[in-house]
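Each chain is listed here by its residues.
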Amino acid sequence: MNKKELAAAIAERTGREKRDVEALLNEFVATVTDTVATGEPVVLTGFAKFIRVQRGPRLARNPQTGAPVKVPAKKAARITPLKAFKDAVITGKPAKKAARKAPAKNAPAKKTAAKKAPAKKAPAKKTVAKKAPAKKAPAKKAVAKKAPAKKAPAKKAPAKKAPTEKRLTKSPFGARWLASQEKMLQHERGVYLHQAENLEAEAKSLVADFEGGDTQFDEESGE
């Protein structure tokens, strides 16, 4: 998994935008690098420890010639996995997924209270004999209109990328070259065996001379 695939996975788990996650990853790498470069360690509890170490001078050997080589003192970076991370990797149990934030709910539309229109009083008509009672017009109630609730647009999950298949590269060395190397190694092995036999014969000769009493030891000179 590379950085882009990691950002896509985090964006899917947290419900955030992929661009925002990539920006956070870049800032994380830059901050850790700058901090460790000053000599201050960065410890992420349960994950890993990033530190800079000082290595002293030492002797090494050239793998081709076998000659000793002096390696000067140098600084090196070290990343140490911590217990929780190692336990999760060994047991194969995935880490707990971060809880997604629930989308903000739209506030319910407020119902407007219906205002009652004041009743209009009809003017009383005066008659000579009887007075007609004033009729009250019935008050009309305004119908409250409900505002339609807005539906939040559904978020589409980013499509997962299929893992790319790794192609096997052919060896740059041919069969003839390998066969010649095998013959050369067999020849060198024979030379070393012959030298070992000669050394063994010389050792036996020295032991025989010593046991025969021909060698004398001078206490003063030490020879």
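Residues numbered from 1 in each chain as written. Predicted model: local features only at pLDDT ≥ 70, side-chain atom pairs only at ≥ 80, totals over all residues. Heavy atoms only, no water.

Chemist: Is there a simple way to think about the pattern of salt bridges in this case?
Modeler: Two side chains of opposite charge can pair, provided their charged atoms sit close to one another. In the structure shown here, the tally under the stated rule is 2 salt bridges. The partner of aspartate 87 in a salt bridge is lysine 83, with the nearest N and O atoms 2.7 Å apart. Of this pair, aspartate 87 and lysine 83 both sit in helix H3 (residues 83-91), 4 residues apart, which is roughly one turn of that helix. A relative accessible area of 34% places aspartate 87 in the partly exposed class. A salt bridge links lysine 204 to glutamate 200, with the shortest nitrogen-to-oxygen separation between them at 3.8 Å. Separated by 4 residues within a single helix, lysine 204 and glutamate 200 lie in helix H4 (residues 175-212), roughly one turn from each other. In this structure glutamate 200 comes out as partly exposed when scored by relative accessible area, which is 47%. (Salt bridge = Lys/Arg side-chain N within 4 Å of Asp/Glu carboxyl O. Helix = DSSP H or I, 4+ residues; strand = E, 2+ residues; numbered from the N terminus. Buried < 20%, exposed > 50% of the residue type's maximum accessible area, 1.4 Å probe, protein only.)

Chemist: Quick question: what am I supposed to make of helix H1 (residues 3-14) here?
Modeler: For the α-helix, the turn length of 3.6 residues means that residues three or four positions removed from each other point alike. For H1, with 12 residues, the first-to-last C-alpha span of 16 Å sits near the 16 Å given by 1.5 Å per residue. Here H1 starts with a cap whose side-chain oxygen sits 3.3 Å from the backbone nitrogen of lysine 4, and that cap is asparagine 2. Looking at the residues trailing H1, positive phi occurs at glycine 15, about 75 degrees. (Expected span 1.5 Å × (residues − 1). Polar contact = N/O pair within 3.5 Å; in protein donor to acceptor, adjacent residues only side chain to side chain.)

Chemist: It is not clear to me how the environment of threonine 65 should be interpreted in this structure. Could you clarify?
Modeler: One can find threonine 65 in the loop between strand S3 (58-61) and strand S4 (68-71). In terms of polar contacts, threonine 65 uses its side chain to reach the backbone amide nitrogen of alanine 67, at 3.3 Å.

Chemist: How should a positive patch on the surface be read in this particular structure?
Modeler: A contiguous patch of positive charge on the surface is contributed by Arg55, Arg58, Lys74 and Arg78. Given a relative accessible area of 40%, arginine 55 falls into the partly exposed group. (Patch = residues over 30% accessible without salt bridge, like charges linked within 9 Å, V, L, I, M, F, W, Y side chains within 5 Å. Areas by Shrake-Rupley, 256 points an atom, 1.4 Å probe, with all protein chains shown as cover. Lys, Arg positive; Asp, Glu negative; His and termini not counted. Charge placed at Lys NZ, Arg CZ, Asp CG, Glu CD.)

Chemist: Is there a simple way to explain the sheet that holds strand S1 (residues 42-44) in this structure?
Modeler: Strand pairing in a sheet relies on backbone hydrogen bonds, with the paired strands running either antiparallel or parallel. Spatially, S1-S2-S5 is the arrangement adopted by the 3 strands of the open sheet, whose pairing is antiparallel. The open sheet terminates on both sides in strands that have one partner only, identified here as S1 and strand S5 (74-81). Averaged over all adjacent pairs, the angle separating strand axes in this sheet is 25 degrees, with direction ignored. Of the pairings in the sheet, the one linking strand S2 (residues 48-55) to S5 comprises 8 bridges and is antiparallel in character. (Pairing = 2+ DSSP bridges. Axes fitted to C-alpha atoms, helices over the stretch in contact; angles between N-to-C directions.)

Chemist: Looking at this structure, I do not really get the environment of proline 81. What am I missing?
Modeler: Structurally, proline 81 can be placed in strand S5. When the C-alpha atoms of proline 81 and phenylalanine 47 are compared, they prove to be 6.0 Å apart, with 34 residues separating the residues in sequence. With near-sequence residues (within four places) excluded, proline 81 lies in contact with Phe47, Ala48 and Lys86. (Contact = heavy atoms within 4.5 Å.)

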